[in-house]
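# Structural overview for review
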Amino acid sequence: VVLVSFPGAQKKARLAQGLQFSDSLRASLQADMVAWWTFDETSGAVAKDNYFNQLHGTVYGGATFIKGIINNALSFDGNDYMIVANNASLYPTNEMTLSAWVKTSSSAQQGIMQKGSNCMVHPDKFLYYSGTHLILRSFSPDPLYYIPSTAIVLHDGSWHHIAVTAIDGATPRFYMDGKNISNSSAIYHKTNSTGHDLSVGVLKWNCNDTLSDFFNG
């Protein structure tokens, strides 16, 4: 038996697993895909949707395009974000999958993706990193409407692929680098966030759509 160890081997294996999982996920869901922002632009304030719906995003606050895990990425400095205008194709359905490649060194609570606002009269759906868990927002009257993953460390300054699949009336499944990190037995229920834009890299925590919890990475 020969055991060989070299610096970065574990990181390379993890990235390879994440890449394989993300490619497989995209291929299996392609027929039902709603939007796909690759952030492969090199400049400007528009992030193009690379799928048929053409749900292009507008970048605010000076976020920049940099080298990413695959081609380019959009870099947020904790004070910028992207908005995709409200569109019927973004309205809630009985099933949804959200996925992204992320890289951050900040342990602060950070918004990843949101459709709606955190308001009882405007229920929404969103995914964020709490500093210790990925959190998916379910319908507000549910007993546990902030549904957590297992405890994770996302803020290690490395690239990670994250994903969550949710079916109305079922327990959601969280994934990080291809590994199932689901924890809660709470049931997800879809929300009626038909009147709001979709945001990336920020959260809206009240009925006035106040921006907070900017992503830094």
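Residues numbered from 1 in each chain as written. Predicted model: local features only at pLDDT ≥ 70, side-chain atom pairs only at ≥ 80, totals over all residues. Heavy atoms only, no water.

### Things to note about the overall build of the protein
For the protein, the helix and strand inventory stands at one helix and 16 strands. Out of the 217 residues in the protein, the part that is buried amounts to 43%. Long-range contacts, defined here as pairs at least 24 residues apart, represent 57% of the contacts in the protein between residues at least 6 apart. Accessible surface for the protein amounts to roughly 10,800 Å². Of this, 53% is attributable to carbon and sulfur atoms. (Helix = DSSP H or I, 4+ residues; strand = E, 2+ residues; numbered from the N terminus. Buried < 20%, exposed > 50% of the residue type's maximum accessible area, 1.4 Å probe, protein only. Contact = heavy atoms within 4.5 Å. Areas by Shrake-Rupley, 256 points an atom, 1.4 Å probe, with all protein chains shown as cover.)

### Considering the sheet that holds strand 8 (residues 125-129)
The eight strands lie next to each other as 1-2-5-14-7-8-9-10, forming an open sheet whose pairing is antiparallel. Looking at which strands have only one partner, the edges of the open sheet turn out to be strand 1 (46-47) and strand 10 (146-148). Both strand 8 and strand 9 (residues 134-137) contribute to a ladder of three bridges, which runs antiparallel. The residue of strand 9 that forms the bridge with Tyr 129 is Leu 134. (Pairing = 2+ DSSP bridges.)

### Points about the packing of aromatic side chains
The tally for this structure, following the rule as stated, stands at seven aromatic pairs. Taken together, a centroid distance of 5.2 Å and an interplanar angle of 35° make the contact between Phe 21 and Tyr 175 tilted. Pair noted here: Phe 21 is in helix 1 (residues 9-29) and Tyr 175 is in strand 12 (residues 173-176), with a separation of 154 residues, a long-range link. Relative to Tyr 81, the ring of Tyr 60 has its centre 5.4 Å away and its plane inclined at 20°; by these criteria the two rings are stacked. Separated by 21 residues along the polypeptide, Tyr 60 in strand 2 (residues 57-60) and Tyr 81 in strand 5 (residues 81-84) bring together distant segments of the chain. Owing to a relative accessible area of 38%, Tyr 60 belongs among the partly exposed residues under this scheme. By relative accessible area, which is 16% here, Tyr 81 ends up buried. (Phe/Tyr/Trp six-rings, centres within 6.5 Å; stacked < 30°, edge-to-face > 60°.)

### Side note on the side chain of Ser 199
For Ser 199, the location among the structural elements is in strand 14 (residues 198-200). The buried category is assigned to Ser 199, whose relative accessible area is 0%. Excluding its chain neighbours within four sequence positions, the residues that come into contact with Ser 199 are Met 82, Ile 83, Ile 112, Met 113, Gln 114 and Lys 204.

### Section: the side chain of Ser 22
Looking at where Ser 22 falls in the secondary structure, it is placed in helix 1. Setting aside anything within four residues of it in sequence, one finds Ser 22 in contact with Trp 101 and His 161.

### A word on the sheet that holds strand 12
Spatial ordering of the open sheet is given by 6-11-12-13, a layout of four strands whose pairing is antiparallel. Strands with a single pairing partner mark the edges of an open sheet, and in this sheet they are strand 6 (95-103) and strand 13 (179-180). Where strand 11 (residues 159-167) lies against strand 12, four bridges are found, and the strand directions are antiparallel. Bridging across to strand 12, Ile 162 finds its partner in Met 176.

### Some words on the nonpolar core
Among the nonpolar cores identified, the biggest contains 35 residues, and Met 82, Leu 127, Leu 134, Leu 154, Ile 162 and Phe 174 are the most heavily contacted of them. Ignoring anything within four residues of it in the chain, the contact list for Leu 134 reads Ile 112, Leu 127, Tyr 128, Tyr 129, Ile 147, Pro 148, Ser 149, Ile 152, Leu 154, Ile 162, Phe 174 and Ile 181. (Core = buried A, V, L, I, M, F, W, Y, C linked by side-chain atoms within 4.5 Å.)

### Describing the pairing of strand 12
What sits between the antiparallel neighbours strand 11 and strand 12 is a turn of five residues, in which Gly 169 has the positive phi angle 90°. Once strand 12 ends, the chain turns through two residues before running back antiparallel as strand 13, passing Asp 177 with a positive phi of about 55°.

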